Amino acid sequence: MNRLAVLGQPIAHSLSPVMHTAAFEALGMSGDWSYEAIELSPEGFAAGVGELRAGGYRGANVTVPHKRAALELADEVSAAADAIGAANTLSFGPAGVRADNTDAPGLIAALPIPPAGRRTLVLGAGGAARAVVWALLGAGADVAVHNRTASRAQELVDELGGAVIELTDSFLPIGKFDILVNATSVGLARPGASARVVGADLKELRIEADEFSDRLVVVDLVYGTEPTELSLAGSRGGATIVDGLEILVRQGAESFRIWTGMEPPLEVMRRAIRDQQE
Ligand code: ATR
């Protein structure tokens, strides 16, 4: 059996097991391949990965909060994982652990237009934004970064490239861009929080709803059981939306390709997670 897992904390609600299991079934591989969720604490991460290797696992996806630790324990690191400073895919082979980052190629694959030469605006400056900025620059896009804390955006741009957009009290000029990517955590459902005020997320992102148009592609890395306010407002304004579930499918598909060498069944993977969300 070729065993795979997603490693994180918390991990119980991960959609990756359902998505990969559906892909294995669709390709007649489920007799030989399995995929499960395993919770590991930050203190137990390296030892946990060691146990999986010793137990004959083939690899793993890695999510919050282990993406940097995954990079650090690897024997071989892809150019993307190295530059981004995070890995979301580990492969265990005779030569050791290889770390890849499929968030970057997954984002590019999810875009409905080629990003080369396009004006793109990335919101955020954390780990997710780093992967997005690196991916877009590598694909030849012109990249601007805005973050609530401008100094973090500046640090990211100094390291990877692109330009910072600073705002004082105005809104972002989203009409000037071809592609807008939300790589902040704005829009994430907060368990136990009271109902959100309509428009609150857009306000935090410094976006005016009437600035959307059919010339804009909006990518939201955030997903939940409901569409995010950004994707709802964008689609009302005529923009093309790539939601967080599509991004999840695309990074999963790239990981699937790395482990199995097979072409991932995208539509099966999409359907599996969307069914799970309903
Ligand atoms: P990740 O590694 O998933 O990207 P992170 O490093 O915690 O997570 O980054 C979260 C991002 O969301 C940051 O860019 C953060 O902005 P700050 O750098 O100013 O903290 C952004 N973010 C979180 N809450 C926000 C809010 N209410 N309004 C605007 N940006 C927010």
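Nothing here was measured: the structure is a model prediction, and the numbers come from that model.

The rules behind these values
- Residues numbered from 1 in each chain as written.
- Predicted model: local features only at pLDDT ≥ 70, side-chain atom pairs only at ≥ 80, totals over all residues.
- Heavy atoms only, no water.
- Helix = DSSP H or I, 4+ residues; strand = E, 2+ residues; numbered from the N terminus.
- Buried < 20%, exposed > 50% of the residue type's maximum accessible area, 1.4 Å probe, protein only.
- Pairing = 2+ DSSP bridges.
- Contact = heavy atoms within 4.5 Å.
- Axes fitted to C-alpha atoms, helices over the stretch in contact; angles between N-to-C directions.
- Salt bridge = Lys/Arg side-chain N within 4 Å of Asp/Glu carboxyl O.
- Core = buried A, V, L, I, M, F, W, Y, C linked by side-chain atoms within 4.5 Å.

A. Local environment of unusual backbone geometry. Cis geometry marks the peptide bond from glutamine 9 to proline 10, where omega comes out at 0 degrees. Position of proline 10 relative to the elements: it lies in the loop between β1 (2-8) and α1 (16-26). In this structure, proline 65 follows valine 64 across a cis peptide bond, with omega equal to 5 degrees. Turning to its location among the elements, proline 65 is positioned in the loop between β3 (57-62) and α3 (67-73). In this structure, arginine 206 takes a positive phi of about 65 degrees despite not being glycine. Mapped onto the secondary structure, arginine 206 falls in the loop between α8 (200-205) and β11 (217-220). The class for arginine 206 is partly exposed, based on a relative accessible area of 23%.

B. Geometry of the sheet that holds β1. In spatial order, the strands read β2-β1-β3-β5-β6-β4; together these six strands make up an open sheet with mixed pairing. For this open sheet the edge positions go to β2 (33-39) and β4 (76-77), each flanked by a neighbour on one side alone. Bridging between β1 and β2 involves seven bridges; their strand directions are parallel. Following the sheet pairing, leucine 4 is matched in β2 by tyrosine 35. Contacting β1, β2, β3, β5 (89-93) and β6 (96-100), helix α2 (residues 45-54) runs over the sheet at an angle of about 45 degrees to β5.

C. Summary view of the pattern of salt bridges. Taken as a whole and judged by the stated rule, the model has 13 salt bridges. The shortest N-O distance in the salt bridge between aspartate 100 and arginine 98 comes to 3.0 Å. Residue classification places aspartate 100 among the buried positions, given a relative accessible area of 8%. Here glutamate 159 makes a salt bridge to arginine 130, at a shortest N to O gap of 3.1 Å. Of the two residues, glutamate 159 is situated in helix α7 (residues 150-160) and arginine 130 in helix α6 (residues 127-138); the sequence distance between them amounts to 29 residues. Classification of glutamate 159 by relative accessible area gives exposed; the value is 56%. Overlapping salt bridges, with partners in common, bring together Glu246, Arg250, Glu267 and Arg270 in one network.

D. The arrangement of the nonpolar core in detail. The biggest cluster of nonpolar side chains holds 29 residues, and the ones touching the most others in it are Leu107, Val122, Val132, Val133, Leu136, Val143 and Val219. Looking at this core, the elements that each hand over two or more residues are α4 (79-84), α5 (103-110), α6, β8 (142-146), α7, β10 (179-182) and β11. Of the residues forming this core, the biggest block, six residues, is contributed by α6. Every residue in contact with valine 132, bar those within four places of it in the chain, is listed here: Leu107, Val122, Val181, Ala183 and Leu221.

E. Representation of the sheet that holds strand β12 (residues 240-242) in the model. If you trace the six strands from one edge of the open sheet to the other, you get β9-β8-β7-β10-β11-β12, paired in parallel fashion. Whereas interior strands pair on both sides, the edge strands pair on one side only; in this sheet they are β9 (163-164) and β12. Both β8 and β9 contribute to a ladder of two bridges, which runs parallel. Note on β9: the bridge partner recorded for alanine 144 is alanine 163.

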